Amino acid sequence: MNTEGVFSRQQNGVVQPLLTDLYQITMAYAYWKTGKVTDHSIFDLFFRKNPFQGEFTIFAGLEECLKFLQAFHFSQSDIEYLKQTMSSVEDEFFEFLSNLSTNDVVIYALDEGTVVFPRIPLIRVEGPLIITQLLETTLLTLVNYASLMATNAARYRIAAGNSKLLEFGLRRAQGPDGGGFDGTSNVLAGKLYDIPVKGTHAHAYVTSFTSFSELLMRTLHSKIDGKPYDFVQLTIKWRSELVPLFKVVITEVNDGELAAFISFAMAFPDQFMVLVDTYDVERYPCHVTYNTFTPRQKCLPNTPTHSKYRSGLLNFCAVSLALNDLAFQAVGIRIDSGDIAYLSFVAREYFIKISAKYEIPWFKDLIIMASNDINEETILSLNEQEHKINCFGIGTHLVTCQKQPSLGCVYKLVELNHQPRMKLSQDVAKVSLPGRKDAYRLFSEREDALIDLLIRPDEEQPSVGTKILCRHPFEESRRAYVTPSKVEKLHKLYWKDGRVCRTLPSLEDIRNNVSTSLKSIRSDIKRNHNPTPYKVAVSDNLYNFLHNLWMENAPIGELT
Ligand SMILES: Nc1ncnc2c1ncn2[C@@H]1O[C@H](COP(=O)(O)OP(=O)(O)OP(=O)(O)O)[C@@H](O)[C@H]1O
Ligand SMILES: O=P(O)(O)OC[C@H]1O[C@H](OP(=O)(O)OP(=O)(O)O)[C@H](O)[C@@H]1O
Ligand SMILES: O=C(O)c1cccnc1
Ligand SMILES: [Mg+2]
């Protein structure tokens, strides 16, 4: 297969062979000098602990790894730079480096978007030791962040239930890469990855207006008769009508805010969605009855309000009703401060009231978007408060993965020249599983994923209806028989003979894979609080192989 055109997206230009730690090149030289040029190696890329105190992870970043392999080549300027930096290195090594390619590398990996668990090799890299070693840092950097971010996003998806999620993180991210959800405010992410671009406006748009005199354009053409109407007049008429409903006095209504909303509506009459909290969203103390809900702050006595204006919601409704007169349908509001559950109740109640009073069915379903430092726990808490929000805009906590900033994937040598290699450690969690291993996911009759099983390559594959012993890799007494109703082979061949050898999934396919893969995982494993760990096991054969090797390699100490 020709690899031209197999990638749907371009690679970030900084991903190149020098995007690595110096020690990879130092080791490559020392391997080369010792004569390890033809040594055959197998490395496993895996993580040891799920992030965010959770019990699952989403695997991502594979396509970027494959693009890196395809483009892998030390350029003339890379070689010049290395020659200057590593002055004691022999010239022939640089000759060797400049001819180095990934043609002899073989990559097995899990599909992107698969739910994965600790110790399962996400990527198995096979090939000549020098090149496989040189790939370590770059593969790790490409998988670690992408998988952490994908996991974070999946957790928000689970927490948010049916609410839409928009990503607003560009301004807060550590760098310009990364973006997406149901939609993103990041325009380049939209262009490159075909993610719907969405958004509202900033507070600056509202504060930039102070009066109606700044509205130089006042007419809007009706969709009904195509005629121009004085949209400012029409909105002001609606505002007067609504003032008693909102129980405000006219001095509490901000003209600049209304002027800003009018101008935004005239620019986007079919997509009218505005930020209603520049001044106060509504009148305090609340006069709408809430049977089930006590506002977090607003009902506390003497709580100061932000401003003398309480017109955000009123002004939005006035503009939306004026738009409705001309047959345009407003989209909704964004709330970016205060008690967002409480404010969502207030807004929804007004929307329902107006919908009934003026017989406008869609008004009750207007979108209520919430933003402001939202994280997974905030969404879960808002769920308990039975919020009326349809959409969350999430920035900082999504893109910076603030709850846990790194996944901690590692890259360990597990076999050299067909001999198993094992990294020993006092800490059992850090002991690596030696040799080439294949991973299978075994499913129950209910189609739940029961366990992931690692086996040695010469073993019989697990099969449907056949009982198999699954063992905890390190605790002898923890073992169970499983008779799977379905078996999924997790590792697939992705790279051989210098090219990608599988059709790569589109972003949509990956998204679907996340959703199906997650669906097969029991909900107690996915829950936010004290989730149940998923089982990752080894076959009896691999268990014995690993423990024999461990015994052979662990020195017997001597007490004196
Ligand atoms: N009902 C709620 N339940 C749980 N968390 C909430 C609720 N409403 C808002 N929050 C969260 O509480 C925090 C509110 O922050 P804070 O009070 O500092 O800011 P603010 O409302 O923007 O106030 P200000 O406009 O004065 O800066 C945000 O992180 C927000 O996501
Ligand atoms: O999840 P978040 O990190 O809050 O991301 C979104 C935030 O970004 C925007 O404003 P910004 O925070 O720049 O300004 P403001 O909060 O001072 O209005 C927006 O109004 C949200 O508050
Ligand atoms: O479009 C928005 O509402 C938006 C975009 C970026 C950051 N905060 C909000
Ligand atoms: Mg903010």
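Because the structure is predicted, anything quoted here is derived from the model rather than measured.

(A) Representation of the sheet that holds strand β6 (residues 164–167). In space, the 6 strands of this open sheet follow the order β7-β6-β13-β12-β11-β10, with parallel pairing throughout. Each having just a single partner strand, β7 (183–184) and β10 (273–275) make up the two edges of the open sheet. In this sheet, β7 lies alongside β6 in parallel orientation, the contact comprising 2 bridges. Paired with L166 across the two strands is G183, which belongs to β7.

(B) Inspection of the site of ligand 1 at higher detail. With respect to spatial proximity, 15 residues lie near ligand 1, and among them G338, D339, I340, N372 and Q385 are the closest. Residue I340 places a main-chain N or O atom 2.9 Å away from a nitrogen atom belonging to ligand 1. Taking 650 Å² as the accessible area of ligand 1 by itself, protein coverage stands at 64%. When residues of the shell around ligand 1 are traced back to their parent elements, those giving at least two are α12 (340–357) and α13 (376–384). Looking at the shell around ligand 1 element by element, the count peaks at 3 residues for α13. For the shell around ligand 1, the residue count by class is 4 nonpolar, 8 polar and 3 charged.

(C) Structural detail: the UniProt feature "domain: Nicotinate phosphoribosyltransferase N-terminal" (unreviewed entry) in the protein chain. Within the UniProt annotation, "domain: Nicotinate phosphoribosyltransferase N-terminal" (unreviewed entry) is assigned to residues 18–144. End C-alpha atoms of residues 18–144 are separated by 18 Å, and the span's content is 44% helix alongside 17% strand.

(D) Main features of the UniProt feature "domain: Nicotinate/nicotinamide phosphoribosyltransferase" (unreviewed entry) in the protein chain. Here, the residues flagged by UniProt with the feature "domain: Nicotinate/nicotinamide phosphoribosyltransferase" (unreviewed entry) are residues 328–419. As annotated, residues 328–419 has a helix share of 34% and a strand share of 22%, and its two end C-alpha atoms lie 71 Å apart.

(E) Molecular detail of a nonpolar patch on the surface. Judged by side-chain polarity, L188, L192, Y193 and L507 come together as a nonpolar surface patch covering roughly 330 Å² of accessible area. Considering every element that reaches the nonpolar patch, the biggest residue donor is helix α7 (residues 187–193), with 3 residues. Topologically, Y193 is positioned in helix α7.

(F) Local environment of the site of ligand 3. Close contacts around ligand 3 come from F168, R171, S185, G199, T200 and R334, and that covers them all. For ligand 3, an oxygen atom lies 2.4 Å from a polar atom in the side chain of T200. A distance of 3.1 Å is found between an oxygen atom of ligand 3 and a side-chain nitrogen or oxygen belonging to R334. Taking 260 Å² as the accessible area of ligand 3 by itself, protein coverage stands at 82%. Residues belonging to the shell around ligand 3 are distributed by class as follows: 1 nonpolar, 3 polar and 2 charged.

(G) Main features of the pairing of β6. As defined by bridge partners, β6 adjoins strand β13 (residues 391–394) across 4 bridges and the pair is classed as parallel. Bridge pairing in β13 places E167 opposite I394.

(H) Representation of helix α4 (residues 91–98). Listed in full, the buried residues belonging to α4 are F93, F94, F96, L97 and S98. Looking at the packing, one finds that the buried side of α4 touches α1 (22–34), α3 (76–85) and α5 (129–134).

(I) Representation of the packing of aromatic side chains within the structure. Applying the stated criterion across every chain yields a total of 21 aromatic pairs. Summarising the aromatic geometry, the rings of F474 and W550 are spaced 5.6 Å apart at their centres and angled 85 degrees between planes, so their arrangement reads as edge-to-face. Here the residue F474 occupies a position in the loop between β18 (468–471) and β19 (479–482), and W550 occupies one in helix α17 (residues 540–553), the gap between them amounting to 76 residues. Grouping residues by exposure puts F474 and W550 together as buried. Taken together, the aromatic side chains of F261, F272, F316, F351, W362 and F363 make up a single cluster linked through ring pairs. Its guanidinium or amino end placed over the ring of Y481, K467 lies 4.7 Å from that ring's centre, counting from NZ or CZ.

Criteria and cut-off values
Residues numbered from 1 in each chain as written. Chains lettered and ligands numbered in written order. Predicted model: local features only at pLDDT ≥ 70, side-chain atom pairs only at ≥ 80, totals over all residues. Heavy atoms only, no water. Pairing = 2+ DSSP bridges. Helix = DSSP H or I, 4+ residues; strand = E, 2+ residues; numbered from the N terminus. Near = heavy atom within 4 Å. Polar contact = N/O pair within 3.5 Å; in protein donor to acceptor, adjacent residues only side chain to side chain. Areas by Shrake-Rupley, 256 points an atom, 1.4 Å probe, with all protein chains shown as cover. Nonpolar A, V, L, I, M, F, W, Y, C, P; charged D, E, K, R; others polar. UniProt positions renumbered as here; feature names shortened; annotations may be inferred. Patch = residues over 30% accessible without salt bridge, like charges linked within 9 Å, V, L, I, M, F, W, Y side chains within 5 Å. Salt bridge = Lys/Arg side-chain N within 4 Å of Asp/Glu carboxyl O. Buried < 20%, exposed > 50% of the residue type's maximum accessible area, 1.4 Å probe, protein only. Contact = heavy atoms within 4.5 Å. Phe/Tyr/Trp six-rings, centres within 6.5 Å; stacked < 30°, edge-to-face > 60°. Lys NZ or Arg CZ within 6 Å of the ring centre and 35° of its normal.

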